[in-house]
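Residues per chain, in single letters:
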Amino acid sequence: MKKEIIIYGYGNPGRQDDGLGNAFIEHLEEWAQENRFDWMDFDSNYQLNIEDAELIADRKVAIFVDASVEDIDDFCVTVVNPEAAQIEFTMHAVSPSFVLQLCNEIYHNSPDTYLLHIKGYEWEFKEEISENAIKNMNKALYYLKDILKAGSMDLINENLSKSVILSHC
Amino acid sequence: MTKKITIEPVTRVEGHGKVTIHLDDNFNVAQTRLHIVEFRGFERFVQGKPYWEAPVLVQRLCGICPVSHHLAAAKAMDVIVGAGTGEGLTPTGKKMRRLMHYGQMFQSHSLHFFHLVSPDLLFGYDANPGIRNVIGVALEHKDLAVQGVMMRKFGQEVIKATAGKKIHGTGAIPGGINKNLSIQERDFFLKGADPFNADYMVNWALGALEFFKGYHKANAQFIDNFSHFPSNHLSLVRKDGALDLYHGVLRAVDHEGKKILNDVDYQEYYKYIQEEVRTWSYMKFPFLTSIGKENGWYRVGPLARLNTCDFIPTPLAQKEFEVYKAYTKGKPNNMCMHMHWARLIETLHSAEVIRDLLKDPDLQGDNLVVKGKKCNEGVGLIEAPRGTLFHHYKIDDNDQITMANLIVSTTNNNQPMNNGVNFVAKAMMNGKKEITEPMMNAVEVVIRAYDPCLSCATHALGKMPLEISLYDSNDKLIDRKNK
């Protein structure tokens, strides 16, 4: 039986701030273990792919976490819309929208899905995340921990939806 | 005056590439080029790092086949720590690495066929791109889409169980492996509820082959003739000539099957292979030294591997191999679209190898690492999903890497892909005044057959690294932009 919620970070930790999603998951998973919040699932990878449609199927909430170069202050949350799935430039890596749409098409169910964007700045072949990106990640961690503490999927959904409206984007 | 048509980016291939087709005044194809943006800085990046970090570090090179880089680097480091060249490891070390590698092969080939190729086969190359993709497959052929997802997931889980984790796997270390496979992990793959078990994967791999063969029967004209041109072929083969994707000796044959590189030790690959630099591409053009730049280029990957090997050491794949070889009367197969056929035979072979390895008690052994007399140089080769992958390192007395040379699979296929693009462009675009979507897609189809990985190391939202270079008719760079 799958857990009702999954939080999934992706990126390449070998390219500095591109690894924000993965680092975020490491911190959040540690926090969940310390607090014995065993009702959450975590995963991370270099990039999303088609099998992630199966990973998010039969869940109530999925939260993807990725580094962003968009014009945002620190972080923001958006709702993932399957209608926004584009024909991908490459199928070796797909977008959250694509994963969600594929999940809909082959499993006929899908979770409420969100994307947490964390602003990054540096993308060189290095392992360390930049100082400013770490600050953004910590803000995002504080924000999401507060929401997850509720424990109820309905409350988590409600608060995430509010964040979308009040998003930092 | 020539007219230049640019197709970019190439959809459904990995990373970023650009195709330029130059037409003359009569709208005939004057020249074609596949430009590949490959980040060569990685070889510098690892310099100064301790050698034992290389198998983990090199995975940053590519999010698509990190396992191949991980294992190729580990094999090179085996040599450096005096553990031999692939055969010197403990039975547990060897078999765990093989399981990891065949898991990678299985998931990569499955992804390519079900989600990159099947849309073209099911809907036609000239179908609306809006439907000609995996979502379209899911809508109209749900069973195929599910199979693709589950086969890919199965391979990924094998990798996770052997490498330790999905990202920055640490499974392979210089001289061996750092974990074995627990009984629980083994049973997860062997006895999982249908369809998530090794037997089911073998059956699905057989089903995919039947699907392709059915398509081939109905579309032989296209499959046999599309971008069909002679070439040399190169790969590792086991010492007895068997297909071996993890270890062996280097063999190359020409388009008629004559051996032009006769089972040589890959530690000395540089005696037999050189790389040519051309001004218009970051990617080098490898060639066999004995034949020279002009005619010494070769193909790597599934088509090449089934041309160089003598047999496949698993029964179901061997049976399919015999059918495949009979089609060309035992001669090398130079038909580009038969790469899909060869890839599916390898998918079946990988499923068989995984299933058989899982039953081997050596995987539960606890003798994981061997060491010997250290040296300062090592070469590791592996057959990555896309073809032969070369890793070559030198270290100093402080154990720091001083030199790294990588020839990745897609680089080995550089000239064949360029030839393929040229072949298709001339066949489909000569004399045409209007370039249609199906014609442009045909160029992409030939590239896609090689399943190239065109370097893709960062993908953050809104950041799509793409370098666009513009050359005049004298090959002079007149503009370059990053997107």
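The rules behind each value
Throughout this description, residue numbers start from 1 for each chain and increase along the sequence as written. Chains carry letters and ligands carry numbers; both start at the beginning, A for chains and 1 for ligands, and go up in the order they are written. Reporting in this predicted model follows two pLDDT cut-offs: at least 70 for local features of residues, and 80 or more for side-chain atom pairs to be given and counted; totals over whole chains, interfaces and linings ignore these cut-offs and use all residues. Values reported for side chains reflect all heavy atoms of the structure, with hydrogen atoms and water molecules removed beforehand. Helix and strand assignments come from DSSP, with helices taken as H or I runs of at least 4 residues and strands as E runs of at least 2, each series counted from the N terminus. Put simply, the radius of gyration uses C-alpha atoms, and a globule should come to 2.2 Å times the residue count raised to 0.38. Relative accessible area decides the class of each residue, using a 1.4 Å probe on protein chains only: under 20% of the type maximum gives buried, over 50% gives exposed, and in between gives partly exposed. Working definition of accessibility: Shrake-Rupley area with a 1.4 Å probe, residue cover restricted to the visible protein chains. Only four residue types enter the charge count: Lys and Arg as positive, Asp and Glu as negative, with His and the chain ends excluded. To locate a charge, the coordinates of NZ of Lys, CZ of Arg, CG of Asp or CD of Glu are taken. A crossover counts as right-handed when, viewed with the strands pointing away from the observer, the path leading from the first strand over the helix to the second turns clockwise. Strand pairing is defined by DSSP finding a minimum of two bridges between the two strands. Candidates for patches are residues over 30% relative accessible area with no salt bridge; among them, like charges are joined within 9 Å and nonpolar side chains (Val, Leu, Ile, Met, Phe, Trp, Tyr) within 5 Å. Counted as salt bridges are all cases of a side-chain nitrogen of Lys or Arg within 4 Å of a carboxyl oxygen of Asp or Glu. Lines fitted to C-alpha atoms define the axes here, with helix axes fitted over just the stretch in contact, and angles between the N-to-C directions of these axes take values from 0 to 180 degrees. Only buried residues count toward a nonpolar core. Its members are Ala, Val, Leu, Ile, Met, Phe, Trp, Tyr and Cys residues joined through side-chain atoms within 4.5 Å. In what follows, residue pairs with any heavy atoms lying within 4.5 Å of each other are defined as contacts. Any two of the Phe, Tyr and Trp rings considered here, Trp counted by its six-membered ring, make a pair once their centres fall within 6.5 Å; the pair's planes then place it as stacked at under 30 degrees, edge-to-face at over 60, or tilted in between.

(A) Focus on the overall build of chain A. The helix and strand tally for chain A stands at 5 helices and 5 strands. Listing each helix as α and each strand as β along chain A from the N terminus yields β-α-β-α-β-β-α-β-α-α. Its C-alpha atoms give chain A a radius of gyration of 15 Å, within 12% of the compact-globule value 15 Å for 169 residues. Overall, chain A is about 40 × 40 × 30 Å in size when its C-alpha atoms are taken along their principal axes. Scored against the burial criterion, the 169 residues of chain A give a buried share of 61%. If you sum the accessible surface of chain A, you get close to 7100 Å²; carbon and sulfur atoms cover 45% of it. Considering chain A, the positive charge centre built from 13 side chains and the negative charge centre built from 31 side chains are found 6 Å apart.

(B) Just the pairing of strand E1 (residues 5–10) of chain A, in detail. Residues and elements named next belong to chain A. Here E1 lies mainly inside the structure; 6 of its 6 residues are buried. The alternating pattern of E1 places Ile5, Ile7 and Gly9 on one face and Ile6, Tyr8 and Tyr10 on the opposite face, and all of these are buried. Following the backbone out of E1, through helix H1 (residues 20–34) and into the adjacent parallel strand E2 (residues 40–45), one traces a crossover that is right-handed. Of the strand pairs in this sheet, E1 and strand E3 (residues 61–68) are connected by 6 bridges, and their pairing is parallel. Bridge pairing links Tyr8 to Phe64 in E3.

(C) Highlighting a negative patch on the surface. A contiguous patch of negative charge, built from Glu26(A), Glu29(A), Glu30(A) and Glu34(A), is present on the exposed surface. For Glu26(A), a relative accessible area of 59% puts it in the exposed group.

(D) The sheet that holds strand E15 (residues 401–407) of chain B, seen in detail. All names here are of chain B. The 3 strands are arranged E13-E14-E15 in an open sheet whose pairing can be described as antiparallel. Where the open sheet ends on each side, the last strands, each with one partner, are strand E13 (377–384) and E15. Looking at each pair of strands side by side, their axes are set apart by 15° on average, direction ignored. Here strand E14 (residues 387–395) pairs with E15 via 6 bridges, running antiparallel.

(E) Here's a closer look at the nonpolar core. Counting 141 residues, the largest nonpolar core has Leu102(A), Phe154(B), Leu306(B) and Tyr393(B) as its most contacted members. For this core, the element with the highest residue contribution is helix H4 (residues 91–123) of chain B, accounting for 12 residues. Not counting residues up to four positions away in its chain, the partners in contact with Leu306(B) are Leu243(B), Ile312(B), Phe321(B), Tyr324(B), Lys325(B), Ala342(B), Ile345(B) and Glu346(B). If you look at the next biggest cluster of nonpolar residues, it comprises 34 residues, including Phe42(A), Ile129(A), Ala140(A) and Tyr143(A).

(F) Region of the structure containing the packing of aromatic side chains. Following the criterion strictly, the structure yields 22 aromatic pairs over all chains and no others. Consider the rings of Phe75(A) and Tyr143(A), whose centres lie 5.1 Å apart with planes at 40°: the pair is tilted. One end of the pair, Phe75(A), is in strand E4 (residues 75–79); the other, Tyr143(A), is in helix H4 (residues 131–148), with 68 residues separating them in the sequence. What makes Phe75(A) buried here is its relative accessible area of 5%. A relative accessible area of 15% places Tyr143(A) in the buried class. Measuring from centroid to centroid gives 5.2 Å for Tyr200(B) and Trp204(B), while their planes differ by 85°, and the two rings are edge-to-face. Of this pair, Tyr200(B) and Trp204(B) both sit in helix H8 (residues 198–218), 4 residues apart, which is roughly one turn of the helix. Owing to a relative accessible area of 30%, Tyr200(B) belongs among the partly exposed residues under this scheme.

(G) Broad picture of the pairing of strand E7 (residues 232–237) of chain B. All names here are of chain B. Within E7, 6 of the 6 residues are buried, leaving the element largely enclosed by the surrounding structure. Neither face of E7 is open: one carries Asn232, Leu234 and Leu236, the other His233, Ser235 and Val237, and all of them are buried. Of the pairings in the sheet, the one linking E7 to strand E12 (residues 298–299) comprises 2 bridges and is parallel in character. Paired with His233 across the bridge in E12 is Arg299. Sheet topology note: the E7/strand E8 (residues 249–253) ladder contains 5 bridges and is antiparallel.

(H) Region of the structure containing the pattern of salt bridges. Evaluated as defined, the whole model comprises 29 salt bridges over all chains. Here Lys95(B) and Asp360(B) are joined by a salt bridge, their closest N and O atoms 2.8 Å apart. Here Asp360(B) lies in the loop between helix H12 (338–358) and E13 and Lys95(B) lies in helix H4, a separation of 265 residues in the sequence. The exposure class assigned to Lys95(B) is partly exposed, which follows from its relative accessible area of 21%. Of the charged contacts, one joins Asp120(B) and Arg448(B) as a salt bridge, the two residues approaching to 2.4 Å between their closest N and O atoms. Of this pair, Asp120(B) sits in helix H4 while Arg448(B) is found in helix H15 (residues 437–449), placing the two residues 328 residues apart along the sequence. Taking the relative accessible area as the measure of exposure, Asp120(B) reaches 2% and is therefore buried. The class for Arg448(B) is buried, based on a relative accessible area of 2%. Members of the salt-bridge network, linked through shared partners, are Lys2(A), Glu54(A), Lys153(B) and Glu157(B).

(I) Structural context of the side chain of His338(B). Here His338(B) lies in helix H12. Judged by its relative accessible area of 0%, His338(B) falls in the buried class.

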